[in-house]
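# A structural walkthrough
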Amino acid sequence: MLDFFISPAHAQEAAAGGGIAQIVMLVGFVLIFYFLLWRPQAKRAKQHKQLVSNLDKGDEIVIGGGLVGRITKVSDEFLTIEISEGTEVNVQKNAVAAVLPKGTIKSI
């Protein structure tokens, strides 16, 4: 339709060298995706898995919802945390966001 803007010779030259350029761009996008998205996410997942596996009775933690408490019981999939004196809550281990330094609950 708009072929009169591009001469046929120029169009054929561009098509001949375009295959390698497309492959290079595709490889570039894959590398960018790997280094900026996948690798950092895998590293964070590994750190969280290690954090969850090292939980022990008496640790002070904060869970994803913002609750702060001390672990009173540890099972395979769940933790029982004491969020105030006499109030215990069962949560999944994966809900733990961070382990706090000892004595943090008393200072809050």
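Residues numbered from 1 in each chain as written. Predicted model: local features only at pLDDT ≥ 70, side-chain atom pairs only at ≥ 80, totals over all residues. Heavy atoms only, no water.

Before going further, it helps to spend a moment on the UniProt feature "transmembrane region" (unreviewed entry) in the protein. The UniProt record annotates "transmembrane region" (unreviewed entry) at residues 20-38. For residues 20-38, the helix share is 100%, the strand share is 0%, and the end-to-end C-alpha distance is 26 Å. (UniProt positions renumbered as here; feature names shortened; annotations may be inferred. Helix = DSSP H or I, 4+ residues; strand = E, 2+ residues; numbered from the N terminus.)

In this section: the pattern of salt bridges. As enumerated under the stated definition, the model contains two salt bridges in all. Of the charged contacts in the structure, one is a salt bridge between Asp59 and Lys102, with a shortest N-O distance of 3.5 Å. Taken together, the residues Asp59 in the loop between helix H1 (8-53) and strand E1 (60-63) and Lys102 in the loop between strand E5 (96-100) and helix H2 (104-107) connect sequence positions 43 residues apart. Here Arg70 and Glu60 are joined by a salt bridge, their closest N and O atoms 2.8 Å apart. With a gap of ten residues between them, Arg70 in strand E2 (residues 68-74) and Glu60 in strand E1 connect regions that are remote in the sequence. With a relative accessible area of 27%, Arg70 lands in the partly exposed category. (Salt bridge = Lys/Arg side-chain N within 4 Å of Asp/Glu carboxyl O. Buried < 20%, exposed > 50% of the residue type's maximum accessible area, 1.4 Å probe, protein only.)

What follows covers a nonpolar patch on the surface. On the surface, Ile23, Met25, Val27, Phe29, Leu31, Ile32, Phe33, Tyr34, Phe35, Leu36, Leu37 and Trp38 cluster together into a nonpolar patch covering about 1300 Å² of accessible area. Inspection of the secondary structure puts Ile23 in helix H1. Note on Ile23: relative accessible area 56%, which makes it exposed. (Patch = residues over 30% accessible without salt bridge, like charges linked within 9 Å, V, L, I, M, F, W, Y side chains within 5 Å. Areas by Shrake-Rupley, 256 points an atom, 1.4 Å probe, with all protein chains shown as cover.)

Moving on, we get to the nonpolar core. Grouped together as the largest cluster of nonpolar side chains are eight residues: Leu55, Ile61, Ile63, Ile71, Leu79, Ile81, Val91 and Val96. The set of elements that each furnish at least two residues to this core consists of E1 and strand E3 (78-84). (Core = buried A, V, L, I, M, F, W, Y, C linked by side-chain atoms within 4.5 Å.)

Looking now at the pairing of E2. Here three bridges tie E1 to E2, and the two strands are oriented antiparallel to one another. Each residue of the ladder has a partner; that of Glu60, found in E2, is Arg70. Between E1 and E2, which follow one another and run antiparallel, lie four residues, and Gly66 among them has a positive phi close to 100 degrees. With four bridges connecting them, E2 and E3 associate as antiparallel partners. Paired with Lys73 across the bridge in E3 is Thr80. In sequence, E2 turns back onto E3 through a hairpin of three residues. (Pairing = 2+ DSSP bridges.)

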